[in-house]
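Tertiary structure, described
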Amino acid sequence: MNGPKLHNLISSAALVLSAALVIATAGGLVSGFGAWPVRTGLLAGGLALTGGLAALLHYRCRRDRQAVERQLEALCRLDPHDLRNDGTSINVPPLPEGNPWSEVAALVRETLSERCRRLEELEHARAVADIRYRRASTECERIRTILSELSEPILAVDDYDELVLANRSAEELFHFDGGGVESRALAQLVHCEKLVNLLSAASHRKTPGDRTDEIDIPDEKGNSRWFRVTATKPTAAEETDSTEANAHGSVSGGAVAVLRDIGDQKALQKRNAEFVSAVSHEMKSPLAGIKAYVELLADGDAEDEETREEFLDVISGQADRLQRLVENLLNIARIEAGVVNVSKLTRSLNELLEEALNVVQPSAEAKQIELVSELSPMYLGVLADRDMLLQAAINLLSNAIKYTPEKGRVTLRSRLENKVVRFEVQDTGVGLSEEDAQRVFEKFYRVQKDKNMAAGTGLGLPLAKHIVEDVHGGHLTVESKLGEGSTFSVTLPGAGQLT
């Protein structure tokens, strides 16, 4: 039996006893009127006793109630940590022994302790979730920053072919702002049907995998830009029940496309194809001439010694042309591969240039071209491979003579500029257009309008550029105007200058 019930039972018993005493006294008063003073006194005493008991019970109830109120107020003021660590015996006044509300107060304290324990668990879970959220937000922001700075365009779509991610390169390539677009449909943002179909096909695959294709995407000026596109359907980290996924409104799947610029590779493939075609063409001409004259000799068409000598001279000339072609190709290949044998010594640039002038002098005289030497009176020292640098100078002078009309002028000059030495080959020839000037150092490239002026393989200038820049660490440039002539300039690091 708990405290409040026992208290009520005692109070009821006291009231019953007082009532019985009052009734008994009253009965005696009625039956024996003569002893009424005594009975009146007993009645008054009974009433007083009843009143006293009632007052005592009221006092005890009030005291017990106040003690419980004080304890409950103290419990409410306690820190939850004190409740969890059972510090109530120090911070909460104890209830007097036998207080009928002790069980209720203990139940309240236990309930508060349990609520505080659950609150602490929730606070801890919230703190852990908050830390994870901040970490995930930081990681997400880091990934977005990395993706934004990547040079390769990246696109991601969901199962409905709507764009969910695009980095800055993709936005610039397809000319849209990912944060400001109203429609997220990929087909409305990316105007490239082949790319849209590739991403859609990868997204709707039943199993994860890649799809790769090469796509031509024109830029703002209409120029082709080639990309190798890899569209990937991601592998889910863990599979969830479809019913649960639908209940939460989540959709798995989608695809990610990474676009890698292969413009340089395409240009290289094109140049290689042009190179093979040019080599084939250049080799066919001398081979065809050799074969034709050999057949003439074999058929006996050369009846006299003079004719046979003429045929043999033609065959020898074509063989020499073919040999030069092969040698130039091998020299360029060795230089590009870095396996050429180079013997660099400190030499006089002017002496090499004078030797080059002597080599090309007969060709200039044949066309009545004036060769002008404006070499510096100073000693210009260069660390060079004699044969290779001489070959480069001869190629530049020969090229100038080839494309300068008769009675023109070719000037060779040299000078010292700060710590570098420079020599120039200037002609009064046909000149180059801006496009031709940019491509004149490509292998086998020949200016179409000037092809009939002189025979050549289109390897002289590329070989000279390789010798100057790759072997000697210099620079070879050209300045030209159509109809006015060209100037080829070579700068080389100086070595051992004398004043």
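Residues numbered from 1 in each chain as written. Predicted model: local features only at pLDDT ≥ 70, side-chain atom pairs only at ≥ 80, totals over all residues. Heavy atoms only, no water.

Observations concerning the sheet that holds strand 4 (residues 224–233)
To keep it simple, the criterion reads: A strand pair is defined by DSSP finding two or more bridges across the two strands. Starting at the N terminus, helices and strands are each numbered in turn, a helix being any DSSP run of H or I of at least four residues and a strand any DSSP run of E of at least two. Every angle, taken between N-to-C directions, lies between 0 and 180 degrees, and every axis is a line fitted to C-alpha atoms, over only the stretch in contact when it is a helix.
The antiparallel open sheet is built from five strands, whose spatial order is 2-1-5-4-3. Each edge of the open sheet is held by one strand with a lone partner, namely strand 2 (163–166) and strand 3 (209–218). Neighbour-to-neighbour, the strand axes of the sheet open up by a mean angle of 20°, direction not taken into account. Both strand 4 and strand 5 (residues 255–261) contribute to a ladder of six bridges, which runs antiparallel. Looking across to strand 5, one finds that Val 229 is bridged to Leu 259.

Observations concerning the packing of aromatic side chains
As a reminder, the rule being used: Between rings of Phe, Tyr and Trp, where Trp is taken as its six-membered ring, a pair exists when centres lie within 6.5 Å; planes separated by under 30 degrees are stacked, by over 60 edge-to-face, and by other angles tilted. Relative accessible area decides the class of each residue, using a 1.4 Å probe on protein chains only: under 20% of the type maximum gives buried, over 50% gives exposed, and in between gives partly exposed. Geometrically, a lysine NZ or arginine CZ counts as sitting over a ring once it is within 6 Å of the ring centre and also within 35 degrees of the ring normal.
Applying the stated rule across the entire model yields two aromatic pairs. Seen from their ring centres, Phe 441 and Phe 488 are 6.2 Å apart, and the 85° between their planes marks the pair as edge-to-face. Residue Phe 441 is located in the loop between helix 14 (434–439) and helix 15 (460–471), and its partner Phe 488 is located in strand 12 (residues 485–493); the two are separated by 47 residues in the primary sequence. Overall, the relative accessible area of 17% leaves Phe 441 in the buried class. One residue, Lys 266, lies across the ring of Trp 226, its end atom 4.6 Å from the ring centre. Of note, Lys 465 hangs over the ring of Phe 441, and the distance from its end group to the ring centre comes to 4.6 Å.

Some remarks on the packing of helix 11 (residues 305–337) against helix 15
Going by this rule: Reported orientations rely on four angle classes, namely roughly parallel under 35 degrees, roughly antiparallel over 145, roughly perpendicular from 65 to 115, and oblique for the rest. Left-handed describes a crossing whose near helix is turned anticlockwise from the far helix by less than a right angle; the clockwise case is right-handed. Contacts are assigned to residue pairs with any non-hydrogen atoms lying within 4.5 Å of each other. Residues are grouped as follows: nonpolar covers Ala, Val, Leu, Ile, Met, Phe, Trp, Tyr, Cys and Pro; charged covers Asp, Glu, Lys and Arg; every other residue, Gly included, is treated as polar.
For the pair helix 11 and helix 15, the least separation of the axes is 10 Å and the interaxial angle reads 25°. Comparing their axes, helix 15 and helix 11 come out roughly parallel. Of the two possible hands of crossing, helix 11 and helix 15 adopt the one that is left-handed. Here Asn 328, Asn 331, Ile 332, Ile 335 and Glu 336 of helix 11 come into contact with helix 15, specifically with Pro 462, Leu 463, His 466, Ile 467, Asp 470 and Val 471. When its residues are assigned to classes, the contact of helix 11 with helix 15 shows six nonpolar, three polar and two charged.

A few points about the pattern of salt bridges
To be explicit about the condition: Here a salt bridge means any side-chain nitrogen of Lys or Arg lying within 4 Å of a carboxyl oxygen belonging to Asp or Glu.
What the rule picks out here adds up to 20 salt bridges. With a shortest N-O distance of 3.2 Å, Glu 442 and Arg 439 are connected by a salt bridge. On the basis of relative accessibility, which here comes to 26%, the residue Glu 442 falls in the partly exposed class. Given a relative accessible area of 26%, Arg 439 falls into the partly exposed group. For Glu 469, the salt bridge identified is with Lys 465, shortest N-O distance 2.8 Å. Remark: Lys 465 and Glu 469 occur in helix 15; sequence separation between them is four residues, near one turn of the helix. The class for Glu 469 is partly exposed, based on a relative accessible area of 26%.

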